[in-house]
Amino acid sequence: MNKIPVGETIRFAYAFTFGEIGTVIGLTWIPLVINAVGAFLVERVLGDADPAAGAALPPGFGYFALYGIVAVLLVAMVAVAITRQALGLRQGPAIAHVSLGTAELHVFGGIAGLYLLFFIFAMGLALAIVVVGGAAALLAPSKAAGEIIGAAGGSLAALAGLGAIFYAVVRLSFLFVPASIGGGGFGLSRSWELTKGNFWRIVAVGAATALPAMLVVFAINLAILGPDYIASIIAMFRDQAHLAKYAAEQSRMTSARMPLLLGVGLVLSPISYGLLFAPAAFAYRALSGKPV
């Protein structure tokens with residue numbers, strides 16, 4: 001059983017991302033700009049929609065669904081471009097890059113498959129929580145004890161289920177992009193096969209590469225949104241009877257600062273995506289024993 005070299009993988013991720021940042025930007029800026037424009041337009045459509053229109057679906061749902069599909073396809077383009085560069089299948093600088101071929105469609109299908117599996121797992125978890133909590137309550141000697149035992153049983157089922165979902169998603173997702181490029185197909189089953197015995201190594205790599213970039217972006221976005229946004233979130237947890245009011249407040253604050261938020265995303269996304277996909281390319285070579 002091959003093991004991911006954690007230290008070497010982390011070093012490669014940072015060396016590739018920052019050492020070839022010009023190339024990474026060249027490979028990703030067109031899909032990122034298209035995504036930012038789409039997000040801005042959809043946000044404006046949703047912001048101008050009348051929630052009291054009485055439609056069966058939420059206002060602007062069609063635009064949002066279309067944007068979601070296009071956004072996933074753009075992420076697939078970025079993922080394939082960066083991964084091919086990290087694998088050495090593409091070399092040299094890049095000024096601009098757009099590609100929609102078999103590899104991108106396979107990665108798009110892999111992302112869609114991950115969303116579907118997550119939905120199925122989540123529905124199964126919700127059912128398990130209800131069943132376990134109900135069974136524990138029925139077996140209790142009294143109603144009061146049943147409520148306590150049922151809540152405890154449901155909580156334990158939730159924790160176990162969330163752990164199982166996280167484990168499955170980590171193993172299915174980590175190598176599916178290079179596996180799609182190297183072996184065809186959606187790459188999910190290949191990722192599961194290659195990552196056997198490497199779960200905690202993957203977590204360590206992600207904690208040292210993708211997680212710091214995500215936290216930096218999150219912190220900058222919070223700073224842009226300001227203390228009122230943070231106060232609204234805190235108030236929402238304290239006053240859950242008025243969730244809709246706080247959600248509307250947060251939506252208004254986000255909408256007012258949307259151009260700046262999207263601008264920050266455009267600047268930082270090449271780094272975030274480089275640190276997300278480069279480790280998987282290096283680990284795939286180490287685990288598969290071949291360049292692709």
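Presented here is an overview of the structure given in this document. (Residues numbered from 1 in each chain as written. Predicted model: local features only at pLDDT ≥ 70, side-chain atom pairs only at ≥ 80, totals over all residues. Heavy atoms only, no water.)

Now for the environment of Ser173. In this structure, Ser173 sits in helix α5 (residues 143-174). Judged by its relative accessible area of 24%, Ser173 falls in the partly exposed class. When neighbours within four sequence positions are excluded, Ser173 is seen to be in contact with Leu114 and Ser191. A polar contact is formed between the side chain of Ser173 and the backbone oxygen of Val169, at a distance of 2.6 Å. (Helix = DSSP H or I, 4+ residues; strand = E, 2+ residues; numbered from the N terminus. Buried < 20%, exposed > 50% of the residue type's maximum accessible area, 1.4 Å probe, protein only. Contact = heavy atoms within 4.5 Å. Polar contact = N/O pair within 3.5 Å; in protein donor to acceptor, adjacent residues only side chain to side chain.)

What follows deals with the pattern of salt bridges. Tallying each qualifying case throughout the model produces one salt bridge. A salt bridge links Glu193 to Arg190; its shortest N-O distance comes to 3.0 Å. Here Glu193 pairs with Arg190, and both are found in helix α7 (residues 188-194), just three residues apart, close to one helical turn. Note on Arg190: relative accessible area 26%, which makes it partly exposed. (Salt bridge = Lys/Arg side-chain N within 4 Å of Asp/Glu carboxyl O.)

Take the layout of surface pockets next. Approximately 230 Å³ is the volume found for the second largest pocket. As for the second largest pocket, its lining consists of eleven residues, and the residues nearest its centre are Ala65, Gly68, Ile69, Val72 and Tyr115. Contributing elements (two or more residues each) for the lining of the second largest pocket: α3 (61-87) and α4 (102-139). The class makeup of the residues in the lining of the second largest pocket is ten nonpolar, one polar and no charged. (1 Å grid on protein atoms, 1.4 Å probe; cavity = no way out; pocket = protein on both sides within 12 Å on 5 of 7 lines; lining within 4 Å. Points joined across faces, edges and corners; volume = space filled by probe spheres on them. Nonpolar A, V, L, I, M, F, W, Y, C, P; charged D, E, K, R; others polar.)

Its 16 residues give helix α9 (residues 210-225) an end-to-end C-alpha distance of 23 Å, which sits within 8% of 22 Å, the value for a rise of 1.5 Å per residue. Those residues of α9 lying buried are Ala210, Ala213, Ile224 and Leu225. Burial along α9 is one-sided: seen end-on, the buried residues are contained in an arc of 105°. Gly226 occupies a position one or two residues after α9 and carries a positive phi of about 90°. (Expected span 1.5 Å × (residues − 1). Arc of directions from axis to C-beta.)

What follows concerns the nonpolar core. Of all hydrophobic cores here, the largest spans 40 residues; its most connected members are Val107 and Leu175. Among the elements that make up this core, the one with the highest residue count is helix α12 (residues 258-288) (nine residues). Excluding residues that lie within four positions of it along the chain, Val107 makes contacts with Ala76, Ala79, Val80, Phe176, Val177 and Ser180. Core analysis: the second largest hydrophobic core is formed by seven residues, Leu225, Leu261, Val264 and Leu268 among them. (Core = buried A, V, L, I, M, F, W, Y, C linked by side-chain atoms within 4.5 Å.)

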